[in-house]
Amino acid sequence: MTTSLLSAPPATTLRQALLADRARALTQLYRQAFPAVRRLVQRQGGSAQDAQDVFQDALVVFYEQAVLGTLELTASASTYLVSIARHRWQHELRRRARLPNEALPDESDALAAEEPEAAEETAFAVRDYVERLGVKCRDMLLNFYYFQQPLTQIAEANGYRSVRSATVQKFKCLERLRASVRAAFCTETIEY
Amino acid sequence: MRPELERLHLIEQQLLNGPAALPAGEWQLRQLFDGELAADAAAQQQLYHGLRAAGRQQLRQELRQIHARLYGGRWAWLRRLWPM
């Protein structure tokens, strides 16, 4: 994998690397692409923190495209990452020119800006309930729904006897999340 | 699986366009006969949006840790001179 991410790997290779060992693949991408983004941002008057924020935003977008299979690479992964970061930094520079006294929006706002406001608020409320699930359920749901790990991998990593057992557990966790969100939303409605 | 979990599975297939998703006409018919199906599907969609928000939060946390490992600490100045 070491050399495969540095040149122009097919998107499927990259996806497999991210799914097999996320920390390792992300570290490799980080090491490869971040210095160029930092130079770019600092040359244009940004701080080291700006560079970090913009690069991490880009890496989140990149990760989601890669694991969802919507990534189309015509250059190396790091070239593509730098180009996403450059686009986001230019967007941020325009925003600062309009609103010079406001800081970089926080990570959640920056990525959720494309969603309608009400849906975004609900998503953040549900996110808090995800955090309150036990570690086992939380990891199971995030690994499957966000990190897009196959259930075979989840079953193996968590010691489930079969994919079927992992599937049942996943739906039990989803049911728990739904119940806690529903209870909270009902309480809020009654309070109003 | 018990029926409640099967229902979550049915809705999930529909929302995430899974291999067992029903054809659109059949899904609409089910909604006609099951008054709570549309509301349950909307609620489940909200769960998926929340899971995406939570996933992004965790990924950002992991990226901050990677950054700290690569560029923080006592050798940070060296890495700035010779980026790896």
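To be clear, the structure that these remarks concern was listed above.
Residues numbered from 1 in each chain as written. Chains lettered and ligands numbered in written order. Predicted model: local features only at pLDDT ≥ 70, side-chain atom pairs only at ≥ 80, totals over all residues. Heavy atoms only, no water.

Turning our eyes to something else, we now look at the overall build of chain B. Counting secondary structure elements, chain B contains four helices and zero strands. Put simply, chain B runs from its N terminus to its C terminus through helices and strands in the order α-α-α-α. Counting across all 84 residues of chain B, residues that qualify as buried make up 39%. Contacts in chain B between residues far apart in sequence, at least 24 positions, make up 42% of those at least 6 positions apart. In the structure as shown, chain B presents an accessible area of about 5000 Å², 58% of it carried by carbon and sulfur atoms. (Helix = DSSP H or I, 4+ residues; strand = E, 2+ residues; numbered from the N terminus. Buried < 20%, exposed > 50% of the residue type's maximum accessible area, 1.4 Å probe, protein only. Contact = heavy atoms within 4.5 Å. Areas by Shrake-Rupley, 256 points an atom, 1.4 Å probe, with all protein chains shown as cover.)

It is worth spelling out the packing of helix 1 (residues 11-20) of chain A against helix 2 (residues 22-43) of chain A at this point. Residues and elements named next belong to chain A. Where helix 1 contacts helix 2, the axes come no closer than 5 Å and their chain directions differ by 125°. By the angle between their directions, the pair helix 1 and helix 2 is classed as oblique. Touching Ala17, Leu18 and Ala20 of helix 1 are Arg22, Ala25, Leu26 and Leu29, all from helix 2. (Axes fitted to C-alpha atoms, helices over the stretch in contact; angles between N-to-C directions. Parallel < 35°, antiparallel > 145°, perpendicular 65-115°, else oblique.)

Residues and elements named next belong to chain A. With 22 residues, helix 2 extends 31 Å between its outermost C-alpha atoms, agreeing within 8% with the 32 Å of an ideal straight helix rising 1.5 Å per residue. Ala33 marks where helix 2 bends most, by close to 40°; the proline Pro35 follows one to four residues later. Two residues or fewer after helix 2 comes Gly45, characterised by a positive phi angle close to 85°. (Expected span 1.5 Å × (residues − 1). Bend = angle between axes of the 7 residues up to and from the residue.)

Now for the nonpolar core. Residues Leu18, Tyr30, Leu59, Phe62 and Leu177 of chain A together with Leu51 of chain B are the most contacted members of the largest nonpolar core, which totals 65 residues. It is helix 3 (residues 48-68) of chain A that provides the largest number of residues to this core, a total of 11 residues. Inspection of this core shows a minimum of three residues originating in each of domain 1 (11-112) and domain 2 (117-191) of chain A. Sequence-distant contacts of Leu18 of chain A, that is, excluding residues within four places in its chain, are made with Ala25, Leu26, Leu29, Tyr63, Ala66 and Val67 of chain A. Of all hydrophobic cores here, the second largest spans six residues; its members include Ile11, Trp27, Leu37 and Ala41 of chain B. (Core = buried A, V, L, I, M, F, W, Y, C linked by side-chain atoms within 4.5 Å. Domains from an automatic or database assignment.)

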